[in-house]
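Observations on the model geometry
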Amino acid sequence: HLGMSHYTARFTGFDMALVLDPATPTKSTISVTIDPRSVETDFPFPEKEDFDKVIAEKFLMAGEHPTITFQSSSLKATGAKTGKLTGNLTLMGVTKPVTLDVKLNGAMVHPFRKIPVVGFSATGTFKRSDFGSTVLQGPVGDEITVIIEAEFFKK
């Protein structure tokens with residue numbers, strides 16, 4: 001933001017499905033659907049407009065494109081618990097490949113829920129302009145860094 005800071009936001013409305021192949025983890029797949037209107041920045045916008053709504057409607061064009069999706073296409077191991085996950089990200093009606101660095105944090109039977117759980121971290125970057133988001137290009141940065149922390153319970 002104006003070269004001064006890095007804004008953070010999170011989505012609270014999403015659905016993820018992991019198909020895990022423990023015998024051959026690189027055959028595992030993930031699909032994600034996100035509601036762009038669920039963006040939360042915790043930024044106290046000084047105007048009458050809600051800043052989260054501005055981000056959803058003007059930067060993410062949520063009215064025209066009510067979902068953001070990611071569908072994995074390949075997973076390549078880079079270590080015993082790390083890999084490169086590539087998939088198609090659809091944002092504002094544009095689909096482009098995106099690669100994330102993933103790390104398996106652990107797998108166990110959850111001590112409270114008594115069912116198997118697996119945890120992952122993932123990071124990656126892409127340019128919002130590649131997907132057509134050019135609102136305030138310049139004062140607002142183009143590169144988006146994605147940070148994912150996720151746990152999946154066995155169904």
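This write-up is about the structure you can find in this document. The written sequence of each chain sets the order in which its residues are numbered from 1. Given that the model is predicted, a residue must reach a pLDDT of at least 70 before its local features are reported, and side-chain atom pairs must reach 80 or more before they are shown or counted; all residues, however, enter totals for whole chains, interfaces and linings. The side-chain figures draw on all heavy atoms in the structure; neither hydrogens nor water molecules are used.

**Considering the sheet that holds strand 9 (residues 143-153)**
A sheet is described by the order of its strands in space; here seven strands give the open sequence 2-3-5-6-7-8-9, paired in antiparallel fashion. Where the open sheet ends on each side, the last strands, each with one partner, are strand 2 (14-19) and strand 9. Each strand axis lies, on average, 20° off the axis of its neighbour in the sheet, ignoring direction. In this structure, strand 6 (residues 82-91) lies alongside strand 7 (residues 94-109), joined through ten bridges in antiparallel fashion. Bridge pairing in strand 7 links Gly-83 to Val-102. Pairing between two strands requires that DSSP report at least two bridges joining them. Elements are defined by DSSP. Helices are runs of H or I of four residues or more, strands are runs of E of two residues or more, and each kind is numbered from the N terminus. Only the contacting stretch of a helix is used when fitting its axis, a line to C-alpha atoms as for every element, and angles between N-to-C directions run 0 to 180 degrees.

**Details of the pattern of salt bridges**
Salt bridges are counted wherever a side-chain nitrogen of Lys or Arg sits within 4 Å of a carboxyl oxygen of Asp or Glu. In this structure the tally under the stated criterion is four salt bridges. Notably, a salt bridge pairs Glu-40 with Arg-10, separated by 3.3 Å at the nearest N-O pair. You can see Glu-40 sitting in strand 4 (residues 39-40) and its partner Arg-10 sitting in strand 1 (residues 10-11), a full 30 residues away along the chain. The cut-offs for exposure are 20% and 50% of the maximum accessible area for each residue type, with area from a 1.4 Å probe on protein chains only; residues under the lower value are buried, those over the upper are exposed, and the others partly exposed. With a relative accessible area of 28%, Glu-40 lands in the partly exposed category. For the salt bridge of Arg-10 with Asp-42, the shortest nitrogen-to-oxygen distance reads 3.0 Å. One end of the pair, Arg-10, is in strand 1; the other, Asp-42, is in the loop between strand 4 and helix 1 (51-59), and 32 residues separate them in sequence. By relative accessible area, Arg-10 is classed as partly exposed at 38%. Assessed through its relative accessible area of 59%, Asp-42 is described here as exposed.

**Things to note about the side chain of Ser-72**
Note on placement: Ser-72 falls in strand 5 (residues 68-77). Polar contact criterion, stated in full: a pair of N or O atoms within 3.5 Å, where within protein one must be able to donate a hydrogen and the other to accept it, and residues adjacent in sequence count only if both atoms are side-chain atoms. In this structure the side chain of Ser-72 is engaged in a polar contact, spanning 2.9 Å, whose partner is the backbone nitrogen of Ile-30. What Ser-72 contacts, discounting residues up to four positions off in sequence, is Ser-28, Thr-29, Ile-30, Leu-85, Thr-86 and Gly-87. By definition in these notes, contact holds between two residues if any of their heavy atoms fall within 4.5 Å.

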